[in-house]
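Descriptive structure summary
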Amino acid sequence: MSDKPEIVFTFPACMGGVASFNFNIINNSRLIKNFRSKVILLQADEDNRPVFSEQFIVDEVQTFNYSIRENKYHLLKRLNFLLGIQQGALVADNSLTIEAAALFNNPKTVYSLLHDYFYVNETVHLADLVDVAIAHSSFFSDAVFASNPALFFDRTFYIPYGVKQLDAFPAKDNPLVKLVFLGRLVAEKGVRQLFEINERLVKRNVKAEWTIIGKGPLKPFLQKQWAGRSNVSFVAPDSTHAVYEILKKQDILVFPTSFEGTPVSVLECLANGVVPVTNDLPGGIRDIVTENIGFKCRLNNLAEFAENICLLAADARRLNTMQHACFELAQQHFNIKNNADSYFRKFLEYGQYRRMNKSGTVKLSGLDKKYLPSKLVEWIRRMKN
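For the structure given in this document, a descriptive report is provided here. (Residues numbered from 1 in each chain as written. Predicted model: local features only at pLDDT ≥ 70, side-chain atom pairs only at ≥ 80, totals over all residues. Heavy atoms only, no water.)

Let us look at the pairing of strand β11 (residues 252-255). A two-sided burial pattern is seen for β11, the buried positions comprising Ile252 and Val254 on one face and Leu253 and Phe255 on the other. Alignment of strand β8 (residues 177-182) against β11, held across 2 bridges, turns out to be parallel. For Leu179, the partnering residue across the bridge sits in β11 and is Ile252. With 4 bridges connecting them, β11 and strand β12 (residues 275-279) associate as parallel partners. (Buried < 20%, exposed > 50% of the residue type's maximum accessible area, 1.4 Å probe, protein only. Helix = DSSP H or I, 4+ residues; strand = E, 2+ residues; numbered from the N terminus. Pairing = 2+ DSSP bridges.)

Quick look at the structure:
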């Protein structure tokens, strides 16, 4: 057994911002060497989302397969076994992990990551089963603290996120303005509104080339929606490097998302000198997108999206100035090398944050008794549904 403390990260195995966040802080921190490191990918049988395929630079990677129908007591027991018995840090963004650690008195200090308001609600509900809450948006950190100041005093932190940075600003000399969407192809990301924005641009005689980057269930719908349009391409690169090769050539991020924490898409576009035009949402967007580097539109006001794109398409000098401002902001404040180390400095303080006398309890239903076999419980729940 290693004489180093252990750090364990758990999160769903699917592609998306959560997996990208964990991947980036894990693979870019210079302080991770102070831990024995493990990643546990949570894979529910009922989850058919694309699997995250990037390679983690850690001592161990495991996949935890489970069903949401099985006996939760036995599920949590199996998961806690993987979490290990060494002291250290347990970094999670899911209730399964936090409940497993609490139910079986795991010795690790529990860090809850707050990506958006869903995770804020989850952390507030779990209360003192969580030792530390960390958000990459000041809004979400404040929300948890405000929910119970006595409980979360000195235990909630805002640490900015970061992404890979380029060595130099990528040259952009596009004859037509290049518009890009980057994210999962789901309704919450606003992908169905991209076509209408394009139609508004066409009516104003603005010629643009679109690149829609991502995977998700709405891809067939989008391809049908854009059928007959020659100014769009759909791509699904499998690595950050491949995404960056595309982003280097883009001018404007069009991001009509309606539910966000701190969008990795925006940060990756800033790093590549791509100007964001996005919905004005509380959280990371308001922390990041200021008037010199992008535009925040009223929620789902597609006319405002089109208007801002038209402004930039008609003013190459302004577009270029804002692109350089994006690049400089990313270099100064969202460098993953520096910000990942800020996370790990907090993880290394695990010893001072573990709650020794937690009053919270893990709620289990009548079917989640320790004496009921998981297969039986799973069968009963399947029959009920």
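Let's pick the thread back up.
At a minimum axis separation of 10 Å, helix α4 (residues 117-126) and helix α5 (residues 138-147) run at an interaxial angle of 25°. Put simply, α4 runs roughly parallel to α5. Here α4 and α5 pass one another in a crossing that is right-handed. Residues Tyr117, Val120, Thr123 and Val124 of α4 form the contact with α5, whose participating residues are Phe139, Phe140, Ala143, Val144 and Ser147. Here the residues of the contact of α4 with α5 are counted per class, giving 7 nonpolar, 2 polar and no charged. (Axes fitted to C-alpha atoms, helices over the stretch in contact; angles between N-to-C directions. Parallel < 35°, antiparallel > 145°, perpendicular 65-115°, else oblique. Left-handed = near helix turned anticlockwise from the far one by under 90°. Contact = heavy atoms within 4.5 Å. Nonpolar A, V, L, I, M, F, W, Y, C, P; charged D, E, K, R; others polar.)

The next subject is the nonpolar core. In terms of nonpolar packing, the biggest core is built from 102 residues, with Phe9, Ile25 and Phe347 touching the most fellow members. In contact with Ile25, not counting residues within four places along its chain, are Phe9, Tyr161, Ile336, Ala340, Tyr343, Phe344 and Phe347. The next biggest cluster of nonpolar side chains, apart from the first, holds 22 residues, and it includes Tyr66, Leu75, Leu79 and Leu83. (Core = buried A, V, L, I, M, F, W, Y, C linked by side-chain atoms within 4.5 Å.)

So, on to helix α7 (residues 194-203). What α7 keeps buried is the set Leu194, Phe195, Ile197, Asn198 and Leu201. Mapping the buried residues of α7 onto a view down its axis gives an arc of 160°, with all of them on the same face. Where α7 is buried, its residues touch β8, β9 (208-213), α8 (219-225), β11 and α12 (302-313). The positive-phi residue at the C-terminal boundary of α7 is Asn205, with phi of around 60°. (Arc of directions from axis to C-beta.)

Next up on the list: the sheet that holds β11. Here 6 strands make up an open sheet; going across it, the order is β10-β9-β8-β11-β12-β13 and the pairing parallel. The sheet is open, and its two borders are formed by β10 (232-235) and β13 (295-297), each paired with just one other strand. With direction set aside, neighbouring strand axes in the sheet form an average angle of 20°. The strands touched by helix α13 (residues 316-333) are β11, β12 and β13; relative to β12, the strand with the most contacts, the crossing angle is about 85°.

The next subject is the environment of Asn65. Along the chain, Asn65 turns up in strand β3 (residues 60-66). Residues Asn65 and Leu41, spaced 24 residues apart in sequence, show a C-alpha to C-alpha distance of 8.4 Å. The residues touching Asn65, leaving out its near neighbours within four places in the chain, are Gln43 and Arg78.

What follows is about unusual backbone geometry. For Ala127, which is not glycine, the phi torsion reads 50° and is therefore positive. Locating Ala127 in the fold gives a position in the loop between α4 and β6 (132-135). Its identity is not glycine, yet Asn300 carries a phi of approximately 60°, on the positive side. Of note, Asn300 is situated in the loop between β13 and α12. On the basis of relative accessibility, which here comes to 43%, the residue Asn300 falls in the partly exposed class.

As a further point, take the sheet that holds β3. Whenever strands of a sheet pair, they do so through backbone hydrogen bonds, lying parallel or antiparallel. Read from one edge of the open sheet, 7 strands run β3-β2-β1-β4-β5-β6-β7, paired in parallel fashion. The two strands at the open ends of the sheet, each matched to only one other strand, are β3 and β7 (156-158). Taking each pair of neighbouring strands and ignoring which way they run, the sheet shows an average axis angle of 20°. As paired elements, strand β1 (residues 6-12) and strand β4 (residues 88-92) share 5 bridges and run parallel to each other. Residue pairing across strands places Phe9 opposite Val91, the latter belonging to β4. On top of the sheet, helix α3 (residues 95-103) reaches β1, β2 (36-44), β3, β4 and β5 (109-114); it is set at about 145° to β4, its chief contact. Along the sheet face, α5 touches β5, β6 and β7 and points at about 170° away from the line of β7.

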